[in-house]
Amino acid sequence: MTDNPVQIRPLVAGNWKMNGLKTAFSEAIAVAEAISKPDAAPADVMICPPATMLMVLTEVTHDHKLLLGGQDCHTAESGAHTGDVSPEMLKDAGATAVIVGHSERRSDHGELDRHVRAKAEAARRAGLTAIICIGETAGERGVGMTLDVIKRQLSGSVPDGATAANTVIAYEPVWAIGTGLTPTPDDVAEVHTEIRKTLVDRFQAEGQAMRILYGGSVKPDNAKTLLAIANVNGALVGGASLKASDFLGIVAAYS
Ligand code: PGA
């Protein structure tokens with residue numbers, strides 16, 4: 001199974017991580033303006049800034065097509081959880097999606113699949129799309145465990161009732177994040193095909209239509225190759241999303 005019979009509109013999402021002061025608003029505005037032109041690439045484009053920037057970015061980009069997302073959320077709607085942000089708050093601030101289970105959350109905060117799943121369920125409750133991240137470590141790839149890890153994370157992190165509208169999967173090999181390393185196109189194809197198969201087995205037509213992003217050192221010069229691979233329906237971009245020119249160079253892979 002390589003070709004997907006369902007036409008999927010790609011998504012290019014930028015994950016700004018813990019980067020972004022007021023000076024970075026101009027980068028997001030430049031992206032928003034470029035992707036709103038009539039000849040813009042046929043892809044959805046999203047920026048997931050730090051929560052501190054979300055509400056202002058919503059205001060300054062509201063008449064453009066740019067989508068905004070959060071980078072993590074708590075499972076509760078509100079309450080005594082100092083320092084946390086709920087999905088309802090992200091939605092209120094203008095987000096339409098939230099990244100959950102990023103490998104940096106898994107490693108920095110000990111998040112396990114069951115936590116990620118609960119966050120994805122909370123995102124759905126709030127009306128946000130959950131961008132659920134999965135991916136193997138270098139050690140796991142080295143011992144041939146990649147597909148096992150991927151399947152285990154999918155089964156543990158993706159809630160029942162996931163649909164193409166409320167769920168996006170991001171395959172991000174941990175060893176490719178921020179390193180400049182990427183898997184070979186064949187390796188990406190193998191994993192994405194396995195993800196698609198697993199999603200279709202569990203969610204049938206919804207699994208066929210779900211977007212599966214690739215993430216990990218996506219740059220303007222490798223985007224065309226990576227995004228042309230079967231079952232790659234977009235990218236989750238870290239470092240190269242911080243500069244509008246780089247990010248737009250990746251979006252242009254769909255032109
Ligand atoms: P990177 O990060 O593009 O800087 O490798 C990707 C991510 O962590 O989402």
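Quantities reported herein were computed from a predicted structural model and do not represent experimental measurements.

Each value, and the rule that gives it
- Residues numbered from 1 in each chain as written.
- Predicted model: local features only at pLDDT ≥ 70, side-chain atom pairs only at ≥ 80, totals over all residues.
- Heavy atoms only, no water.
- Helix = DSSP H or I, 4+ residues; strand = E, 2+ residues; numbered from the N terminus.
- Buried < 20%, exposed > 50% of the residue type's maximum accessible area, 1.4 Å probe, protein only.
- Arc of directions from axis to C-beta.
- Contact = heavy atoms within 4.5 Å.
- Salt bridge = Lys/Arg side-chain N within 4 Å of Asp/Glu carboxyl O.
- Axes fitted to C-alpha atoms, helices over the stretch in contact; angles between N-to-C directions.
- Parallel < 35°, antiparallel > 145°, perpendicular 65-115°, else oblique.
- Left-handed = near helix turned anticlockwise from the far one by under 90°.
- Nonpolar A, V, L, I, M, F, W, Y, C, P; charged D, E, K, R; others polar.
- Domains from an automatic or database assignment.
- Buried area = accessible area lost by both parts, 1.4 Å probe.
- Pairing = 2+ DSSP bridges.

Points about the environment of glycine 20
Link 1 in the chain: Counting through the fold element by element, glycine 20 comes out in the loop between strand E1 (11–15) and helix H1 (25–35).
Link 2 in the chain: For the pair glycine 20 and proline 50, spaced 30 residues apart in the sequence, the C-alpha separation amounts to 6.8 Å.

Some details on the environment of methionine 55
Link 1 in the chain: When you line up the elements, methionine 55 lands in helix H2 (residues 51–60).
Link 2 in the chain: Sequence separation of methionine 55 and aspartate 113 is 58 residues, and the distance between their C-alpha atoms is 29 Å.

Focus: helix H11 (residues 244–251)
Link 1 in the chain: Taken together, the buried positions of H11 are occupied by Ala244, Phe247, Ile250 and Val251. Looking straight down H11, one finds that the buried residues subtend no more than 125° of arc, so they occupy a single side.
Link 2 in the chain: Where H11 is buried, its residues meet E1, H1, strand E2 (44–48), helix H10 (220–227) and strand E8 (234–237).

Brief notes about the pattern of salt bridges
Link 1 in the chain: Applying the stated criterion across every chain yields a total of 16 salt bridges.
Link 2 in the chain: Measuring nitrogen to oxygen at the nearest pair gives 3.7 Å for the salt bridge that ties aspartate 201 to lysine 197. Pair noted here: aspartate 201 and lysine 197 are both in helix H8 (residues 185–203), with a separation of four residues, about one helical turn.
Link 3 in the chain: Among the residues examined, lysine 197 registers a relative accessible area of 44% and is labelled partly exposed.
Link 4 in the chain: Salt bridges linked by common partners bring Asp72, Arg105, Glu111 and Lys119 together as one network.

A few points about the packing of H10 against H11
Link 1 in the chain: As a packed pair, H10 and H11 sit with axes 8 Å apart at the nearest point and diverge in direction by 25°. Between H10 and H11, the crossing angle belongs to the class labelled roughly parallel. Pair H10 / H11 crosses with right-handed handedness. Counting all contacts with H10, which are made through Pro220, Ala223 and Leu227, the residues of H11 involved are Asp246, Gly249 and Ile250.
Link 2 in the chain: Partitioning the contact of H10 with H11 into residue classes produces four nonpolar, one polar and one charged.

Let's talk about the domain arrangement of the chain
For interface size, the figure often reported is the accessible area lost on association.
Link 1 in the chain: With domains assigned, the chain is organised as domain 1 (9–99) and domain 2 (110–122 + 147–216).
Link 2 in the chain: Centre-to-centre, using C-alpha coordinates, domain 1 lies 21 Å away from domain 2.
Link 3 in the chain: The interface is formed by 10 residues belonging to domain 1 together with eight residues belonging to domain 2.
Link 4 in the chain: For the pair domain 1 and domain 2, the summed buried surface comes to about 700 Å²; carbon and sulfur atoms form 57% of the total.
Link 5 in the chain: Taken as a group, Leu11, Cys73 and Thr75 account for 53% of the area that domain 1 buries against domain 2, more than any other trio of residues on that side.
Link 6 in the chain: Where domain 1 meets domain 2, there are two salt bridges.
Link 7 in the chain: In this structure, the salt-bridge partner of aspartate 72 is lysine 119, at a minimum N-O distance of 2.8 Å.

A short note on the sheet that holds E1
Link 1 in the chain: Around the barrel, which closes on itself, the eight strands sit in the order E1-E2-E3-E4-E5-E6-E7-E8 with parallel pairing between neighbours. Adjacent strand axes in the sheet meet at a mean angle of 25°, parallel and antiparallel pairs treated alike.
Link 2 in the chain: Summarising the sheet, strand E7 (residues 211–215) and E8 pair through two bridges and their orientation is parallel. From the neighbouring strand, tyrosine 214 faces E8, where its bridge partner is alanine 235.
Link 3 in the chain: Sheet strands touched by H11: E1, E2 and E8. Its angle to E1, the strand with the most contacts, is close to 155°.

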